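The residues making up each chain are set out below.
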Amino acid sequence: MAKKKDSEKASQNSDSNKQEKNETNDDDEPNFSDPEGFVDSITDEELLGDILKQKPKETDGVESVVVVDGVPQVGPERLEKLSSVISKIFRKVGPIVNEYYPKNENGLTKGYEAIPDEWEAPEPQPYKEQGNLHYHLLEPDAFDQYCLIIAKDSTVQIWLNSSPEPIKLEDRVRWSEAYVNWSPLGSYIATYHKKGLALWGGPTFQQIMRFTHIGVQFIDFSPLEKYLVTYSPQVDDPQGDQKKLIIWDVRTGLEKRDFSPGGLNIWPIFRWSHDDKYFARISTDMLSVYETPSFGLLDKKSIKITGIRDFSWSPTDNVLAYWVAEDKDVPARVTLLEIPSRNETRAKNLFNVADCKMHWQKSGDYLCVNVNRYSKIIRREKNEIKYSGMYYNFEIFHMREKQIPVDSVEIKEPIHAFAWEPVGSKFAIIHGDTPNISVSFYGVKTGQAPSLLKRFEKKSCNSLFWSPAGQFIVLAGLRNLGGSLEFVDTNDFVIMNATDHFAASEVEWDPTGRYVVTAVSYWKTKIDTGYWIWSFQGKILKRINIEMFCSLLWRPRPNSLLSIKQQAEIKKNLKKYSSQFESKDRLRMSKASKELIEKRKKLMKEFAEYRNKRVEQWQEQKKRRLELRNHIDTDELDSDTKNVEEEVVEFFIKEEISVID
């Protein structure tokens with residue numbers, strides 16, 4: 001239960017005493033009260049701002065919480081009466097914000113718990129060995145793992161993408177009741193169940209932790225895997241005891257805090273800073289930033305931002321960008337905000353804005369704001385708004401430069417997709433009207449405006465998929481475009497291969513950028529489901545068809561421990577190391593060839609043994625065959641010449657003409 005603070009109560013009593021004093025001395029002193037209908041032009045915040053900052057809030061802590069001991073144990077049928085009696089008593093002190101009655105597994109209130117007179121130290125819990133959660137990073141040939149989700153029998157499989165053939169590591173039926181997710185660094189795989197969520201890891205994928213949250217449908221890990229957010233949107237709980245949105249500690253499995261989903265149910269509801277120190281959410285005209293490990297509001301208050309529509313964290317710094325919609329004569333605005341200082345490091349006003357989308361480059365060097373602008377706005381009945389004369393701007397914020405300069409790229413055609421190069425400073429845009437779809441590549445340099453590097457005309461694509469290592473990109477036409485694929489090297493913008501995977505609905509790069517998977521999901525179509533594995537150059541390596549195949553998920557890898565300079569040095573001297581890798585590949589292929597030959601010999605031997613066995617059986621049964629066929633031997637064609645007709649057929653094979661002198 002919650003009650004008003006003593007300071008508020010004292011303030012109310014003081015006001016009441018003053019009012020009584022004025023009424024008793026009305027004849028002696030003038031009346032200084034405001035006339036009826038008077039409206040003060042000065043707000044309380046302006047007049048008493050420093051005092052109101054100290055006004056207690058529900059989220060301040062336990063100061064406004066009352067714990068009631070000695071509550072009797074009652075069942076569900078008497079809980080309502082008990083609640084009304086206790087509420088009647090404490091409502092005299094102040095308004096009750098919420099109340100909670102702990103219950104045991106039988107639905108009874110727990111009542112009063114006896115506390116011993118002497119403190120007893122808790123017994124240490126036995127250490128639970130979790131195994132090596134990063135064992136997959138020790139794979140000597142750096143082969144990656146991937147997970148297959150198959151609808152048939154709710155099967156989940158884990159494979160090692162080894163060469164020349166993948167190796168199946170796990171195959172479990174009904175491992176998850178819905179979907180599976182890898183954690184951001186690949187330490188865990190999460191499975192969904194009716195009563196909650198389970199995390200698995202280690203070489204044998206043993207269960208690491210369980211989180212009880214009935215009906216959970218959505219989860220989100222923090223970037224460093226310290227915390228886990230679970231969301232159960234469709235909870236049938238009339239009494240309000242079931243929590244919908246919970247944040248957990250991944251290592252301990254303890255619930256850190258639960259939240260109300262609020263009105264804006266856009267997943268993820270919370271968005272995390274890169275270092276797990278902060279997480280934030282938006283509501284109407286409000287941005288709420290929370291800090292860990294306290295999970296309370298930063299500076300104990302939200303940030304009031306009228307008209308805020310969306311926000312996004314930098315992937316490398318504690319800086320968030322948000323944009324505010326235009327309001328009458330006030331333009332739209334994009335703002336960069338430092339956390340925890342709340343300093344605005346850069347702001348940009350935008351006019352005639354219908355919508356904005358924010359795209360951070362992976363290294364945090366640049367922020368692109370895709371601005372949809374209009375030439376004319378049409379307001380209809382029921383507050384319906386329609387825009388006409390649309391055009392598009394890309395505002396590029398140079399985050400590492402002094403005063404954060406902003407450059408703009410304008411495109412008049414409709415935008416279908418945008419994507420930054422993960423490692424590098426290029427970005428790609430798909431734009432235009434069907435069938436004249438174009439793909440444009442721009443480069444960004446320090447102190448310079450973005451420049452057009454290359455434009456491909458009349459392409460059949462609607463999605464962009466950069467390699468995690470940069471340089472290479474796949475232009476894909478998914479869904480209704482038939483699965484067209486183009487593999488492009490953006491160093492010289494050569495199309496290495498143009499091909500297709502009919503009805504493909506997914507494109508997934510492996511974490512190293514060596515392989516690409518295209519897939520036809522059972523969730524999209526019921527025929528020809530499966531996946532194909534390609535090299536980064538667009539060479540097909542494997543075609544695997546699986547009945548009721550749903551999805552393929554590569555196991556993520558943490559960021560490299562090598563600096564960008566060290567990685568560049570390795571690329572520069574790659575020829576120095578390539579010979580040893582080539583010899584290892586040849587050895588692996590020769591080993592595979594030897595294994596294949598031995599496998600074929602074994603199969604041929606098994607077939608020969610089976611054939612000889614059946615020939616012996618056939619010979620033993622000859623006496624019985626003759627009895628059944630009136631002693632006519634039909635085993636050979638020439639054994640019964642009376643029933644044989646011979647026909648000669650001639651075929652023209654070729655004609656040769658020789659000139660004789």
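Overview of the structure. Everything quoted here is computed from the prediction, not taken from an experiment. (Residues numbered from 1 in each chain as written. Predicted model: local features only at pLDDT ≥ 70, side-chain atom pairs only at ≥ 80, totals over all residues. Heavy atoms only, no water.)

## Comments concerning the overall build of the chain
Cut-off, in case you're wondering: Secondary structure elements follow DSSP: runs of H or I no shorter than four residues count as helices, runs of E no shorter than two count as strands, and numbering proceeds from the N terminus. Any residue under 20% of the maximum accessible area for its type is buried, any over 50% is exposed, and the rest in between are partly exposed; the area is computed with a 1.4 Å probe on protein chains only. Contact definition: two residues touch when any of their heavy atoms are within 4.5 Å.
Of regular secondary structure, the chain possesses six helices and 39 strands. Within the span of the chain, comprising 661 residues, buried residues form 36% of the whole. For the chain, the proportion of contacts with a sequence separation of at least 24, taken over those separated by at least 6, is 42%.

## Quick word on the nonpolar core
The nonpolar side chains of a soluble globular protein tend to be buried with one another. So the rule is basically this: By convention a nonpolar core is built from buried Ala, Val, Leu, Ile, Met, Phe, Trp, Tyr and Cys residues, the set being connected through side-chain atoms within 4.5 Å.
Core analysis: the biggest nonpolar cluster contains 19 residues, and L336, L367, V369, F397 and M399 have the highest contact counts within it. Broken down by secondary-structure element, the contributors of at least two residues to this core are β18 (319-324), β19 (332-338), β21 (353-360) and β22 (366-373). M399 has contacts with V319, L336, W360, G364, D365, Y366, L367 and I404, leaving out every residue within four places of it along the chain.

## Thoughts on the sheet that holds strand β28 (residues 426-431)
Let me state the cut-off plainly: Only strands that DSSP links by at least two bridges are regarded as paired with each other. The axes used here are C-alpha line fits, helices contributing only the stretch in contact, and every angle between their N-to-C directions lies in the interval 0 to 180 degrees.
Strand order in this open sheet of four strands is β27-β28-β29-β30, and the pairing throughout is antiparallel. Of all strands in the sheet, those bounded by a partner on one side alone are β27 (415-420) and β30 (451-456). Within the sheet, the average angular offset between the axes of one strand and its neighbour, ignoring direction, is 20°. In terms of strand pairing, β28 meets strand β29 (residues 438-443) through six bridges, oriented antiparallel. Counted as the bridge partner of F427 is Y442 from β29.

## Description of helix α3 (residues 76-90)
Here is the rule we go by: Between the first and last residue of a helix there are one fewer steps than residues, each counted as 1.5 Å, and that sum is the expected span. Taken from the helix axis, the directions to the C-beta atoms give the arc we talk about.
Taking 1.5 Å of rise per residue, 15 residues should cover 21 Å, and α3 covers 22 Å from first to last C-alpha, within 8% of that figure. Among all positions of α3, only L79, L82, S83, I86 and S87 are buried. Here the buried residues of α3 occupy an arc of 130° about the axis, which is enough to place them on one side. Among the exposed residues of α3, those oriented more than 90 degrees off its buried face are E77, R78, E80, K81 and K88.

## What about unusual backbone geometry?
Note the cis peptide between S163 and P164, where omega equals 5°. Of note, P164 is situated in the loop between β2 (155-160) and β3 (167-173). Note the cis peptide between W267 and P268, where omega equals 0°. The topology assignment puts P268 in the loop between β11 (255-259) and β12 (271-272). Of note, the phi angle at F295 is positive, near 60°, even though the residue is not glycine. Along the polypeptide, F295 turns up in the loop between β14 (286-291) and β15 (296-297). In the Ramachandran plot, N630 falls in the positive-phi region, its phi being about 55° despite a non-glycine side chain. Counting through the fold element by element, N630 comes out in the segment after α6 (622-628).

## Considering the pattern of salt bridges
Our working rule: Salt bridges are defined as contacts in which a side-chain nitrogen from Lys or Arg sits within 4 Å of a carboxyl oxygen from Asp or Glu.
Taken as a whole and assessed by the stated rule, the structure comprises 19 salt bridges. A salt bridge links D365 to R400, with the nearest nitrogen and oxygen atoms 2.9 Å apart. In this pair, D365 is assigned in the loop between β21 and β22 and R400 in the loop between β25 (391-398) and β26 (406-411), connecting sequence segments 35 residues apart. For the salt bridge of D633 with K622, the shortest nitrogen-to-oxygen distance reads 3.5 Å. With D633 in the segment after α6 and K622 in helix α6, this pair connects stretches of sequence that are 11 residues apart. Here the salt bridges share partners, and the residues they tie into one network are D144, R514 and R557.

## Details of the side chain of H136
If you trace the backbone, H136 turns up in the loop between α3 and β1 (145-150). By relative accessible area, H136 is classed as buried at 7%. Those residues within four positions of H136 in sequence are excluded, and the remaining contacts are Q145, G186, R555 and P556.

## What about the sheet that holds β1?
Ordered by their spatial adjacency, four strands build an open sheet running β3-β2-β1-β39, and the pairing between neighbours is antiparallel. A strand with exactly one partner marks an edge of an open sheet, and here the two such strands are β3 and β39 (549-554). The mean inter-strand angle of the sheet, taken between neighbouring strand axes irrespective of direction, is 20°. Bridging between β1 and β39 involves five bridges; their strand directions are antiparallel. Among the inter-strand pairings, I149 is bridged to a residue of β39, identified as S551.

## Comments concerning the side chain of R281
Basically, it comes down to this: The charged-residue count follows a simple rule in which Lys and Arg add positive charge and Asp and Glu add negative charge, with His and chain termini not counted at all. Polar contact is the term for a pair of N or O atoms within 3.5 Å; when the atoms are in protein, one must be able to donate a hydrogen and the other to accept it, and sequence-neighboring residues count only if both atoms are side-chain atoms.
Relative to the helices and strands, R281 resides in strand β13 (residues 278-283). Here R281 sits buried without a salt bridge, and the closest side chain of opposite charge, D258, lies 9.6 Å off (N-O distance). Separated by 3.0 Å, the side chain of R281 and the backbone oxygen of S260 make a polar contact. Ignoring sequence-local partners within four residues, the contact set of R281 consists of F259, S260, P261, G262, I269, F270, M286, L287, S288, Y290 and F311.

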